[in-house]
Every structure is written in structure tokens, then in C-alpha cells.
Amino acid sequence: MTFRWSRWSPQLALVPAGLVTLVAFIGAILWTIYLSLTRSRRLPEYEIDWSEWGRQYERLFKDDAWMISLQNLIVLGLGSALAIVFGFILAAMIDREKRGESLFRTVFLYPLAISLIVTGAAWRWMFNPELGVEHFIHSIGLTWVNASWLARPETAMYGVILASVWQSAGFYMALMLAGLKSINSEIWSAARLDGVGLFKLYTEIIIPMMKFTFVTCAILLSLGVIKAYDVIVAMTNGGPGQSTYVPAYFTIQALSAKGNLGFASAAAVLMLVITAAVFLPLVLLTAWQQRRSGATR
Amino acid sequence: MNDMTASHKALGAEIAVRSAPYFPRKKKVITGRSIAVIVFLSICALFFCVPLYVVIVTSFKTMDQIREGAMFALPNVWTLEAWDHAWNSACSGTRCEGLKVGFWNSVAILIPSLILSIGLSIVTGYALALWNVKWAGPFLFILFICAFVPFQIIMFPLISMTASLKVYGSIWGVAIIHAILAMPVLTLIFRNYYKDIPQEIMSAAVMDSGSFWKIFFEIILPMSGNILIVVLILQITSVWNDYLIGVTFGGMGGQPMTVNLANLITISTGTVRYNDNMAAALLTAIPPLVIYFFVGKLFVQGITAGAIKG
């Protein structure tokens, strides 16, 4: 009899995780998709009027704040991509110049350990219009500089981008450094013998060799940008006006502040669609990588 | 391309051997280029340190000095007043009992969420990696997808479920949601770690009349020290730093520290006490920073494992 049990216990051990996946993930996603087709307002309604099932989605695309959110998503994505560029430059320099490697790594990575609410609090204070960095710059005579970015709708997103880059550049540096370390060290001496310039060496040999690392970074960055919520709350609360709305913020705002469940669900479904659009390449990439490593083995 | 690098390799090695006696110690030379690199890196390091510096000095200043506007100046008088204020009497919403409330809430959330999430995912990862279970492949694939699902799409259903289980708006609600959301990633991390265990060990253990649980507790758990520490650090920092789950599921009574901090800094009425805000920010940041400075390497391992899952 004990033999039987040992055959069944692995299956039984998977039951809790299976239930969680089935209920909290798959079930919940289907539930939200269903709600997005209804006219639910504060409380869920479960009747679908099939003649206008796309009503919430239509409303969404007529909503200025949602359109601003989508626009900001792209702006934030492009801006945060600087973190990858910056991360690569830092990694390349640390990798070439071994002196102080651990010190620099520690300094560049510490922002990653703290909450985005703390990061937001710090940068919100730096950007303070009366007492912040702007005041300092003006006091040394450069009165034409305006550095209180968060106070103006046109520049508020740049403030958010700066804080995000500050937070995450170290992470991309760590990934890039791991990528650089896996490159055969003889490439460097070979390139020196050939008289290849440093710039050419990086752009034509090293970066193409690291394309997997770059693609991984880009996908992780996109997923992070779609999820960006904390940093917006801490720095701008969506303002001034609605100038720093992003989809993650818009969706939660629609649910908690406006109490509009159907509408918020539609926005959440579109967030899922955007995530899937970014995520699909990742799945294909890992599948391809697995096949490649399988072939070389 | 491959041939080229191979020949370069050989050539490089040859040159290295030949030139070795002539330049016995050329490592010591500091070139102009490496000075430039170090200067550049130092400037970048400065950029990374400036916000921390500003936050620290502000938290020790008096409001009178802050109003003078010299953001980068050191405090005239170092005072712990703001720290005391932030810990004991800062307002979060309508309650003015300081961040200590949130601190203890965060601790109370952390402990059950760690036990639940790690307990659930280590067993799942072990079963998926080392036992022949049905549908292991599809299940792993679904977990992989779940790890990337945006929180917003499952938010309302989870609120309804926790409300009907009567845990919504409490520490338990937050802890359970943390455990659920961490499960896919942690399971994948454990599974990736266990799948490298040689099959021979498992066959020997099974032969030795080892049952599923016996093997787990007597063989697998004792050799999981490294991965457990990495996962523990990953979970501690991510639960501690979380805001979204805390604010959504904490209600009034179960708000973690980050929610208190966010309420404090986004307050728009009355005079803002920036020194309190910065002291509160530091208080929130200290636990993860301590972990980072002591076991930074494991922290980075956890973060990268959590992000790419091998």
C-alpha cells in the first residue's frame, strides 16, 4: 500500500499550486475579460448585451486620459531604454577597467534594493519647485534653467523617466556585465592584434555577440514599463492634470477612484494584450535558445 | 568567423608566451584611458549617490534650515527630531501614529507570506523537477505565463475572493495575495534548481524505499540551502518594497510601511514637513538596504533569477 501512496503523493503535492493557478490566475483572468463585456459600474453585473459588447472598449478609446496613458507608455518605454544604453556603457567600462569593480557595482545597484515609493519620494523632493534642485541652480546664477520638471505637464514625464533610469540602470548593468563576462577573453587581444579600434570593436563585434542579452533586457524593460505604477503614485499621482497617466495607473484609478468596474476591466484586458505583444517574442526566443543549446549538446 | 577566432586565439596565446619574459610586470602601468574610465565611472557613481545624500542630509535638518533652500548643504544642527516625528507621529490618512504602525504591519505581512509562498513553491518545484507527474510540461508553461501577467487583470476577482474569505483589508489578505503572486516565479526558480540533480541520486533514493515526502525532507531540503537563501532575500525585498498589493488589499488596518510613506509624501493639505518625509523614506529603505549591503551578491542572484528564470 505504501508503494501506491508514493506514486500518488507527487500528484497530490501539485494540487495546491494547481488550484491557485486555476482559480487565482486563469479563473480571475477569464472573470475580468467577462466583466469587460458587461455594463458593470460599481458592482459587478453579469448580463451581456451582445449587441454592444464592445461598449467599454469604445468608451476607452474615446477617453482622453486613456489615450494619454498609451502615449505616455511609449514615451516611458523609449525614455527608460536609456537605462539599457547607460547600463551597457557602465558594464563595458567596469569590465575593461577592473579596478574598483565591486565598489562601482555596489553603488550602481543599490537603488534596485529600495522601494519605488522611496525612489519617488527622493526624486519628488529633488524636483521640488521652491526648494529643490532648481532653487540651487538658480542660486548659482543660472536663472534660465528650469529644473522643476514635475510641476509642468510637458516635462513631468521626463522626471518620471529620470527616476526610473536611476532605479533600473544598475540592473541592466548587472545583466550586461554577466553577458560581457561570458564573451571569450581572447577576443580582446585578437582585436588589439588586428588593430581594430575600440569603438568598432564594440559596435561590430561585441554588441552583435550580445544580442540575446540585449533582447532579454529590452523585453524585461517593456514588461517593467507596462507595470509602472508605484513610481507614478510617488512622484506625480498622475498629474499635473492627467499628464503622467500610464495604463497601470489609469486602470487602478478607474476601479478605485471612479468605481467603474466594466471600464477598468476593459483597460486591464488591453494591458494584458499589450503584455502579450511584448511577451510572445520572449516565448519564441526561449524556445529558440533551448533548441539551440539542445543542438550543441 | 569561427575559424578566425580560433586562429586569433592560437596567435594570441603564442604572442603572450613569447612576450612574457620581455614584459614581466606591465600590469602596474596606469594608462590615460583607464584614468578617463575611472573618472567617468566616478561621475556616474556620484549621480547615483546624490539622491541618497540629499535624502540623508534633509532628514537631519530642521524645517527652518530647509526653508532657506540650500538643498545640498549639510545640516547646521544635526537633529533627530524628524526621525522621531516620522516614526511616532507622522500622519497616514487620518491616523497620526507614525510609520511604526506600517513597520509592524510590514513585518506581520512578511512572515506568513514568506512561509506560504516558499512552502508552496518549493514542494511544487520539487514535484515538477524530480517526479514523473502528468502534464508537467504544460503546467510549467502556464506558470511561466502567469509570472508575467499584469496584476490589474486579476485584481478585482482577487478582491472579491479575499472579501468572501473575510481576509480582505487585513494583514492576512495582503500576505496571501503576496504568496499567490509569487508562486509562479518561485516555483520556476526551485524547479530549475532541482532539475540539475542527477537522476541517479533520485533512483537510489526511490529504491531505498524513500517516499515523496521522506526524500524531500531527508535529501532535497538539506541540499537546498543556497537556493533557499537566494529566494528568501528575493521575497523579503520584494514583499517589503511592494506598494500596489498593500494599498489594494490592506484596507485600513493592514497597510504596510510603503503605503504609509506614500500617504505621507502625497499629502496636499497643510504645511509639508520635508524632513519628516525624508526620514520616513529612509526608515522604509533601511531594511532592504541593510540586506543589500550585507549580502548583495545573493540579492543580485535573486533579482536576476526572478527576472529571467534561468
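Residues numbered from 1 in each chain as written. Chains lettered and ligands numbered in written order. Predicted model: local features only at pLDDT ≥ 70, side-chain atom pairs only at ≥ 80, totals over all residues.

### A few points about the overall build of chain A
Phase 1 of the analysis: Looking only at helices and strands, chain A features 14 helices and 0 strands.
Phase 2 of the analysis: Taken from the N to the C terminus, the helices and strands of chain A come in the order α-α-α-α-α-α-α-α-α-α-α-α-α-α.
Phase 3 of the analysis: Its C-alpha atoms give chain A a radius of gyration of 24 Å, more than 25% over the compact-globule value 19 Å for 297 residues.
Phase 4 of the analysis: Projected onto its principal axes, the C-alpha positions of chain A cover 75 × 75 × 40 Å.
Phase 5 of the analysis: Taking all 297 residues of chain A together, 43% fall into the buried category.
Phase 6 of the analysis: Long-range pairs, those at least 24 residues apart, make up 70% of the contacts in chain A between residues at least 6 apart in sequence. (Helix = DSSP H or I, 4+ residues; strand = E, 2+ residues; numbered from the N terminus. Rg over C-alpha atoms; globule rule 2.2 N^0.38 Å. Buried ≥ 20, exposed ≤ 12 C-beta atoms within 10 Å, placed from the backbone. Contact = placed C-beta atoms within 7 Å.)

### Considering the overall build of chain B
Phase 1 of the analysis: From N to C terminus, chain B includes 14 helices and 0 strands.
Phase 2 of the analysis: In sequence order, chain B lays out its α and β elements as α-α-α-α-α-α-α-α-α-α-α-α-α-α.
Phase 3 of the analysis: Burial analysis of chain B (310 residues in total) assigns 41% to the buried set.
Phase 4 of the analysis: Contacts in chain B between residues at least 24 apart in sequence constitute 75% of all its contacts with a sequence separation of at least 6.

### Comments concerning the interface of chain B and chain A
Phase 1 of the analysis: Contacts between the two partners involve 72 residues from chain B and, on the opposite side, 81 residues from chain A.
Phase 2 of the analysis: Top element by residues in the side of chain B that touches chain A is helix α14 (residues 274–308) of chain B. It accounts for 16 residues.

### Comments concerning the confidence of the model for chain B
All names here are of chain B.
Phase 1 of the analysis: When the pLDDT values of chain B are averaged, the result is 82; 88% of them are 70 or greater.
Phase 2 of the analysis: Across residues 1–26, where pLDDT falls below 50, the model places 9 contacts with residues more than four positions away in sequence or in other chains.
Phase 3 of the analysis: What the predictor reports for the complex is a pTM of 0.85 with an ipTM of 0.85. (pLDDT = per-residue confidence, 0-100.)

### Things to note about unusual backbone geometry
Phase 1 of the analysis: Of note in the backbone geometry, Asn-237 of chain A takes a positive phi value of approximately 55° without being a glycine.
Phase 2 of the analysis: Assignment of secondary structure puts Asn-237 of chain A in the loop between α12 (230–235) and α13 (247–256).

### Things to note about the packing of helix α5 (residues 100–130) of chain B against helix α11 (residues 225–241) of chain B
Residue and element names in this part refer to chain B.
Phase 1 of the analysis: Across the interface, α5 lies against α11 with an axial gap of 10 Å and an inter-helix angle of 140°. Considering their axes alone, α5 and α11 lie oblique with respect to each other. Between α5 and α11 the crossing geometry is right-handed. Contact with α5, carried on its side by Ser-106, Ile-109, Leu-110, Ser-113, Leu-114, Ser-117 and Ile-118, involves Val-231, Leu-232, Gln-235, Ile-236, Val-239 and Trp-240 of α11 and no other residues of that element. (Axes fitted to C-alpha atoms, helices over the stretch in contact; angles between N-to-C directions. Parallel < 35°, antiparallel > 145°, perpendicular 65-115°, else oblique. Left-handed = near helix turned anticlockwise from the far one by under 90°.)

### Quick look at the domain arrangement of chain B
Residues and elements named next belong to chain B.
Phase 1 of the analysis: Looking at the assigned domains, one finds that chain B contains domain 1 (2–79) and domain 2 (100–308).
Phase 2 of the analysis: The interface is formed by 7 residues belonging to domain 1 together with 7 residues belonging to domain 2.
Phase 3 of the analysis: Counting only elements with at least two residues in the side of domain 1 that touches domain 2, the list comes to α2 (32–59) and α3 (63–68).
Phase 4 of the analysis: The element best represented in the side of domain 1 that touches domain 2 is α2, accounting for 4 residues.
Phase 5 of the analysis: Of the residues in the side of domain 1 that touches domain 2, the class split is 4 nonpolar, 2 polar and 1 charged. (Domains from an automatic or database assignment. Nonpolar A, V, L, I, M, F, W, Y, C, P; charged D, E, K, R; others polar.)

### Some thoughts on helix α11 (residues 211–227) of chain A
Phase 1 of the analysis: Over its 17 residues, α11 of chain A runs 24 Å from end to end, which matches the ideal 24 Å to within 8%, given 1.5 Å per residue.
Phase 2 of the analysis: Among the residues of α11 of chain A, Thr-213, Thr-216, Cys-217, Leu-220, Leu-221, Ser-222, Val-225 and Ile-226 of chain A are the ones counted as buried. (Expected span 1.5 Å × (residues − 1).)

### Some points on the nonpolar core
Phase 1 of the analysis: Within the largest apolar cluster, 165 residues are counted, with the highest numbers of intra-cluster contacts made by Ala-267 of chain A together with Tyr-126, Leu-261 and Ala-281 of chain B.
Phase 2 of the analysis: The element that contributes the greatest number of residues to this core is helix α8 (residues 171–194) of chain B, accounting for 17 residues.
Phase 3 of the analysis: Both of domain 1 (2–79) and domain 2 (100–308) of chain B provide at least three residues apiece to this core.
Phase 4 of the analysis: In this structure, Ala-281 of chain B is in contact with Val-118, Ala-121 and Ala-122 of chain A together with Val-55 and Leu-261 of chain B, ignoring residues within four places of it in sequence. (Core = buried A, V, L, I, M, F, W, Y, C linked by C-beta atoms within 7 Å.)

### Some remarks on helix α7 (residues 152–164) of chain B
Residue and element names in this part refer to chain B.
Phase 1 of the analysis: Between the first and last C-alpha of α7 there are 19 Å, a value that for 13 residues agrees with the 18 Å anticipated at 1.5 Å per step.
Phase 2 of the analysis: Along α7, the residues that are buried comprise Gln-152, Ile-153, Ile-154, Met-155, Phe-156, Pro-157, Leu-158, Met-161 and Thr-162.
Phase 3 of the analysis: Phi for Lys-166, located one or two positions after α7, is positive at around 60°.

### Points about the environment of Phe-250 of chain A
All names here are of chain A.
Phase 1 of the analysis: With respect to the helices and strands, Phe-250 occurs in helix α13.
Phase 2 of the analysis: Once the C-alpha coordinates of Phe-250 and Phe-214 are considered, the two residues, 36 residues apart in sequence, prove to be 30 Å apart.
Phase 3 of the analysis: For Phe-250, the contacting residues outside a window of four places in its chain are Ala-65, Trp-66, Ser-69, Tyr-245 and Ala-267.

### Here we look at the environment of Asn-128 of chain A
Phase 1 of the analysis: Of note, Asn-128 of chain A is situated in the loop between α6 (116–126) and α7 (133–139).
Phase 2 of the analysis: With 21 residues separating them in the primary sequence, Asn-128 of chain A and Trp-149 of chain A have C-alpha atoms 8.8 Å apart.

### Quick word on the environment of Leu-140 of chain B
Residues and elements named next belong to chain B.
Phase 1 of the analysis: Mapped onto the elements of the fold, Leu-140 is located in helix α6 (residues 136–146).
Phase 2 of the analysis: Taking C-alpha positions, Leu-140 is 12 Å from Phe-190, a pair spaced 50 residues apart along the chain.
Phase 3 of the analysis: Non-local contacts of Leu-140, meaning those with residues more than four positions away in its chain, are made with Leu-128 and Arg-191.

### Focus: the packing of α6 of chain A against helix α13 (residues 257–265) of chain B
Phase 1 of the analysis: For the pair α6 of chain A and α13 of chain B, the least separation of the axes is 10 Å and the interaxial angle reads 20°. Here α13 of chain B runs roughly parallel to α6 of chain A, going by the angle between their axes. In terms of crossing hand, the pair formed by α6 of chain A and α13 of chain B is left-handed. Facing α6 of chain A, whose interface residues are Ile-117, Ala-121 and Arg-124 of chain A, α13 of chain B presents Thr-258, Leu-261, Ala-262 and Ile-265 of chain B.

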